[in-house]
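The chain contents come next:
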Amino acid sequence: VIQNFKVLYVEDDTLTREKLENFLSRKFSHLEVCNNGIEGTIKVHESLKTDEQFDLIIADIKMPIISGLEMVKRIRKLCSDIPVIFLTGINKSDLDLENTEIIYYFEKPLDLDNFDTEVDEIIFKIFKNKLKKQNNVFSDRNYILDYSKIKKFKENKSLNKIKNIKIVDFYV
C-alpha cells in the first residue's frame with residue numbers, strides 16, 4: 001500500500017466505481033471516491049482549504065452533471081498541478097483533450113494488470129517531481145517503488161559513483 005499519497009477517484013457508473021475502488025483501495029492508503037464531477041470539484045476545493053492536496057485524480061470522462069473534462073478544467077482554476085488519469089470508453093480521437101493538460105488516458109474496459117504497471121510509472125514520475133521541488137537528490141530511476149527492489153538497488157555498484165543519494169521508500 002502506498003502511504004502518504006492522496007488519490008481522488010471520480011466515476012458515475014456504480015459497478016465500475018466499486019470494482020476500481022476495490023483495486024485502488026488496496027494500492028493507496030488515502031483514497032477519496034466521488035460519484036460525479038461536481039462532487040470531485042468540491043473535494044479538491046475542500047482539500048486545498050486544509051492544505052491536504054490530492055496527489056492524483058483518476059476520473060471518468062463521460063459523467064452526468066459535468067463531464068470529467070469539465071471537472072478538470074474547473075479544478076485547474078483552483079490548482080493547476082494535480083496529475084490526472086482519465087478513464088473512458090470514448091475513443092481518444094473523439095475527445096477535445098488539448099486544453100485540459102491531461103497527463104494520462106486509459107480506455108475502458110481496463111486491463112488491471114497493465115493499469116497497475118502504468119500507475120506505478122505515473123506515481124514514480126509524481127514523486128520524482130515532488131522530490132525535485134523539495135530540492136532532494138534524485139537521479140534517473142534511483143527511486144524505489146517496491147520493497148523487493150531495494151536489495152537490488154542497494155547492490156547496484158554503479159550507484160557508488162553518485163554522491164548524496166537517498167533511498168526513498170513510500171511503501172509500508
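Refer to the structure presented above.
Cut-off values and rules
Residues numbered from 1 in each chain as written. Predicted model: local features only at pLDDT ≥ 70, side-chain atom pairs only at ≥ 80, totals over all residues. Heavy atoms only, no water. Helix = DSSP H or I, 4+ residues; strand = E, 2+ residues; numbered from the N terminus. Expected span 1.5 Å × (residues − 1). Buried < 20%, exposed > 50% of the residue type's maximum accessible area, 1.4 Å probe, protein only. Contact = heavy atoms within 4.5 Å. Polar contact = N/O pair within 3.5 Å; in protein donor to acceptor, adjacent residues only side chain to side chain. Salt bridge = Lys/Arg side-chain N within 4 Å of Asp/Glu carboxyl O.

Trainee: Got a sec to walk through helix α4 (residues 112–133)? Specific residues and values, please.
Mentor: In a regular helix each residue adds 1.5 Å, so 22 residues correspond to 32 Å; α4 covers 31 Å between its end C-alpha atoms and thus fits that length. For α4, the full list of buried residues reads Phe 115, Val 119, Ile 122, Ile 123, Phe 124, Ile 126, Phe 127 and Leu 131. Its buried side turned inward, α4 meets β1 (2–10), α1 (14–27), β2 (28–34), β3 (56–60), β4 (84–88) and β5 (104–107). Measuring from the side-chain oxygen of the N-cap residue of α4 to the backbone nitrogen of Asp 113 gives 3.1 Å; that N-cap residue is Asp 111.

Trainee: Can you explain the side chain of Asn 36? Please cite residues and give values.
Mentor: Checked against the element boundaries, Asn 36 lands in the loop between β2 and α2 (37–49). If we ignore the near neighbours within four places in the chain, the residues touching Asn 36 are Val 10, Met 63, Pro 64 and Ile 65.

Trainee: I'd love a proper account of the environment of Leu 112, names of residues and values included.
Mentor: Position of Leu 112 relative to the elements: it lies in helix α4. Note: C-alpha distance between Leu 112 and Leu 20 (92 residues apart in sequence) is 8.7 Å. Apart from the residues lying within four places of it in its own chain, the contact partners of Leu 112 are Lys 19, Leu 20 and Phe 23.

Trainee: Account for the pattern of salt bridges, naming residues and giving values.
Mentor: Considering all chains together, one arrives at 6 salt bridges under this definition. Here Glu 11 ties to Lys 108 by a salt bridge, and the two come within 2.7 Å at their closest N and O atoms. Residue Glu 11 is found in the loop between β1 and α1, and its partner Lys 108 is found in the loop between β5 and α4; the two are separated by 97 residues along the sequence. Taking the relative accessible area as the measure of exposure, Lys 108 reaches 25% and is therefore partly exposed. Among the charged side chains, a network of salt bridges with common partners joins Glu 11, Asp 60 and Lys 108.

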